[in-house]
Amino acid sequence: MLIAQISDLHIQERPGPDGVMAIDHLELAIDDLNRYEPRPDLVLVTGDLSNNGLPAEYAILHAALDKLEIPYLLIAGNHDSREPLREAFPEHAYLRSGGEFIQYVDDTWPVRIVALDTTVPGRHHGALCPARLQWLSDRLAEQPGQTTVVIMHHPPFDTGIRPMDALGILEGRDEFARIIGQHSNIERVLCGHMHRSIVCRVGNTLASTCPGTAHQVELDLRERGRLTSNAEPPGYHVHWVRPGATVTHHAVVGYLASPLPA
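So, how was this worked out
- Residues numbered from 1 in each chain as written.
- Predicted model: local features only at pLDDT ≥ 70, side-chain atom pairs only at ≥ 80, totals over all residues.
- Heavy atoms only, no water.
- Axes fitted to C-alpha atoms, helices over the stretch in contact; angles between N-to-C directions.
- Helix = DSSP H or I, 4+ residues; strand = E, 2+ residues; numbered from the N terminus.
- Parallel < 35°, antiparallel > 145°, perpendicular 65-115°, else oblique.
- Left-handed = near helix turned anticlockwise from the far one by under 90°.
- Contact = heavy atoms within 4.5 Å.
- Pairing = 2+ DSSP bridges.
- Salt bridge = Lys/Arg side-chain N within 4 Å of Asp/Glu carboxyl O.
- Buried < 20%, exposed > 50% of the residue type's maximum accessible area, 1.4 Å probe, protein only.

Student: Can you tell me about the packing of helix α1 (residues 22-35) against helix α2 (residues 55-65), naming the residues and giving the values?
Tutor: Across the interface, α1 lies against α2 with an axial gap of 10 Å and an inter-helix angle of 20°. Taken as axis vectors, α1 and α2 run roughly parallel relative to one another. For the pair α1 and α2, the sense of crossing is right-handed. Taking contact as the criterion, the partners of I23, L26, E27 and I30 in α1 are, on α2, I60, L61, A64 and L65.

Student: Please set out the sheet that holds strand β1 (residues 2-6) residue by residue, giving values where relevant.
Tutor: Paired through backbone hydrogen bonds, the strands of a sheet run either parallel or antiparallel to each other. Across the sheet, which stays open at both edges, the five strands sit in the order β3-β2-β1-β14-β15 with mixed pairing between neighbours. Looking at strand neighbours, the two that pair on one side only are β3 (72-75) and β15 (247-252), the edges of this open sheet. Between one strand axis and the next, the sheet turns through 20° on average, direction left out of account. Bridging between β1 and strand β2 (residues 42-46) involves four bridges; their strand directions are parallel. Counterpart to A4 in the pairing with β2 is V43. Along the sheet, α1 contacts β1, β2, β14 (235-240) and β15; its crossing angle with β1, the most-contacted strand, is approximately 170°.

Student: Can you explain the sheet that holds strand β9 (residues 186-191)? Please cite residues and give values.
Tutor: One open sheet accounts for six strands, arranged β4-β5-β7-β9-β11-β10; its pairing is mixed. The open sheet has two edge strands with one neighbour each: β4 (104-106) and β10 (198-202). In this sheet, neighbouring strand axes are inclined to one another by 20° on average, regardless of whether the strands run parallel or antiparallel. Bridge count for strand β7 (residues 148-151) against β9 is four bridges, and the pairing is parallel. Its bridge partner being in β9, V149 is matched across the sheet by R188. Helix α4 (residues 130-142) rests against β4, β5 (112-115), β7 and β9 of the sheet, and its axis sits at about 170° to β5.

Student: Provide a residue-level description of the pattern of salt bridges, including the pertinent values.
Tutor: Under the definition given, this model contains 15 salt bridges. Across the pair R39 and E69 runs a salt bridge whose closest N-O atoms are separated by 2.9 Å. Residue R39 is located in the loop between α1 and β2, and its partner E69 is located in the loop between α2 and β3; the two are separated by 30 residues in the primary sequence. The class for E69 is exposed, based on a relative accessible area of 52%. With a closest N to O distance of 3.3 Å, R226 and E218 form a salt bridge. Assessed through its relative accessible area of 49%, R226 is described here as partly exposed. Given a relative accessible area of 21%, E218 falls into the partly exposed group.

On their own, these measurements won't tell you what the molecule is for.
Here it is, written out as structure tokens:
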């Protein structure tokens, strides 16, 4: 199965502090995905869909995603608000299947998708409370032999970009890693939040974060590094998922003005 992943769209009605209109970058990414060959089977959109969780922002997002010619699944990030998101996408019934949380299982694909809600309303950090961890454990136990991808917004590991790690720490990540480590069929844990492509082993699998479509966070690994965005182009991931042999590619939205010589 070929799965594309976009993340951290940060849609808002006006340009951000860097002057970027996030919707413009998202539409470039959508055009890219619609042209991609072979076409991905599914697009996973891993949180921070809006910048402020406002109905008007989700309306802009919905109109843009209507142009995507590939099925897609949504999860919430720390910049999102659950109810406005649900109301803006009534046709996505799975957004209401997890009770208080936006979490669900999609068994309609060759690869099982397990979506986990890590958000804490009004806060930047993430949390996996006992109820969410139990839900995850129960869902993974249902089909222990099925190739599975887990999606969530906050990564369950430190990245070395210290200001982002401090802002976005995921409470409950040790127990998450213990649960994930009990299963050999989980091919990837796909996350957002970091606005960069980062990979780390968690349990018996690899967890990764996806570049943002809105902007990228500067790669600053100094102990007292700063938190800032930079002019790197937006990007996305393409995951070629096979049992025990999944490959992930980092794709860049945007092209050189002229081709390089052969």
